[in-house]
Amino acid sequence: QVQLGESGGGLVQAGGSLRLSCVTSGRTFTNYAMGWFRQAPGRERGFVAAIGWSGVSTYNVDSVKGRFTISRDPAKNTVYLQMNSLNPEDAAVYYCAYGRTPVVHATSYNYWGQGTQVTVSS
C-alpha cells in the first residue's frame, strides 16, 4: 500500500515559478519510479515528467523541457517538480504517481495522489 500527497500548487503570474511536492507514505521498495502528470479542463491527463529509483534517469515531455525539473529526496520520501517560466498553458491539476518504471503511460503507474491545482494568470 502506497499513499501519495501533492502540495505546492497555487496561483502565479506568467513567467513565475512553483515547486510541487509529493510525499510518499506506506510501504515502498528500493527500485521504484515516480511520475508527474497533469490534466487541464477538457483535456486528457498527460505525462509531464518521470524519475527512476536512482534519481539519475529523468524524462520529461518536450513542452516543459528546459523549464521543469523533477527530483527526489529519498530521505524525505518526496519527489519534487520545479516549474519555472510558467505559461498559462501549464495551468492544470498536477498529479504524482508511483510505479515500477519511469514510463510515459499513465496506466503503468500503480498509485496516484489527489492532485494539486496550478493556476497561471496571463
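Residues numbered from 1 in each chain as written. Predicted model: local features only at pLDDT ≥ 70, side-chain atom pairs only at ≥ 80, totals over all residues. Heavy atoms only, no water.

Applying the stated criterion across every chain, the model contains 2 salt bridges. Note that Asp 90 is salt-bridged to Arg 67, the shortest N-O span being 2.8 Å. Of this pair, Asp 90 sits in the loop between strand S8 (78–83) and strand S9 (92–99) while Arg 67 is found in the loop between strand S6 (58–60) and strand S7 (68–73), placing the two residues 23 residues apart along the sequence. Comparing Asp 90 with Arg 67 shows no difference in burial state: the two are buried. Here the salt bridges do not stand alone but share partners, grouping Arg 38, Arg 67 and Asp 90 into one network. (Salt bridge = Lys/Arg side-chain N within 4 Å of Asp/Glu carboxyl O. Helix = DSSP H or I, 4+ residues; strand = E, 2+ residues; numbered from the N terminus. Buried < 20%, exposed > 50% of the residue type's maximum accessible area, 1.4 Å probe, protein only.)

Here we take up the pairing of strand S5 (residues 46–51). Among the 6 residues in S5, 5 count as buried, and that is most of the element. Pairing between strand S4 (residues 33–39) and S5: 5 bridges, direction antiparallel. Its bridge partner lying in S5, Gly 35 is registered against Ala 50. In this antiparallel pair of consecutive strands, S4 and S5, the connection spans 6 residues, and Gly 42 shows a positive phi of 80 degrees. Two strands pair when backbone bridges link them, and S5 and S6 are joined in this way by 3 bridges, in the antiparallel orientation. Counted as the bridge partner of Ala 49 is Asn 60 from S6. The hairpin turn running from S5 into S6, its antiparallel successor, is 6 residues long, and Gly 55 in that turn takes a positive phi close to 85 degrees. (Pairing = 2+ DSSP bridges.)

Right, let's get into the sheet that holds strand S1 (residues 2–7). A sheet is described by the order of its strands in space; here 4 strands give the open sequence S1-S3-S8-S7, paired in antiparallel fashion. The sheet terminates laterally at S1 and S7, the two strands that pair on one side only. Sheet twist, expressed as the mean angle between neighbouring strand axes with direction ignored, is 15 degrees. Pairing of S7 with S8, which is carried by 6 bridges, proceeds in the antiparallel orientation. Across the sheet, residue Asp 73 finds its bridge partner in S8, namely Thr 78. (Axes fitted to C-alpha atoms, helices over the stretch in contact; angles between N-to-C directions.)

Looking now at the layout of surface pockets. Computed from the structure, the largest pocket encloses a volume of approximately 200 Å³. Surrounding the largest pocket, 13 residues form its lining, Arg 38, Arg 43, Glu 44, Gly 46 and Phe 47 being those nearest its centre. For the lining of the largest pocket, the elements supplying multiple residues, two or more each, are S4 and S5. Considered class by class, the residues forming the lining of the largest pocket number 6 nonpolar, 3 polar and 4 charged. (1 Å grid on protein atoms, 1.4 Å probe; cavity = no way out; pocket = protein on both sides within 12 Å on 5 of 7 lines; lining within 4 Å. Points joined across faces, edges and corners; volume = space filled by probe spheres on them. Nonpolar A, V, L, I, M, F, W, Y, C, P; charged D, E, K, R; others polar.)

Moving on, we get to the environment of Phe 37. For Phe 37, the location among the structural elements is in strand S4. Placed 50 residues apart in sequence, Phe 37 and Asn 87 show a C-alpha to C-alpha distance of 16 Å.

Take the side chain of Arg 67 next. Residue classification places Arg 67 among the buried positions, given a relative accessible area of 14%. A distance of 2.9 Å separates a polar atom in the side chain of Arg 67 from the backbone oxygen of Ser 63. When sequence neighbours within four positions are dropped, the list of residues in contact with Arg 67 reads Gln 82, Met 83, Asn 84, Ser 85, Leu 86, Asn 87 and Asp 90. (Polar contact = N/O pair within 3.5 Å; in protein donor to acceptor, adjacent residues only side chain to side chain. Contact = heavy atoms within 4.5 Å.)

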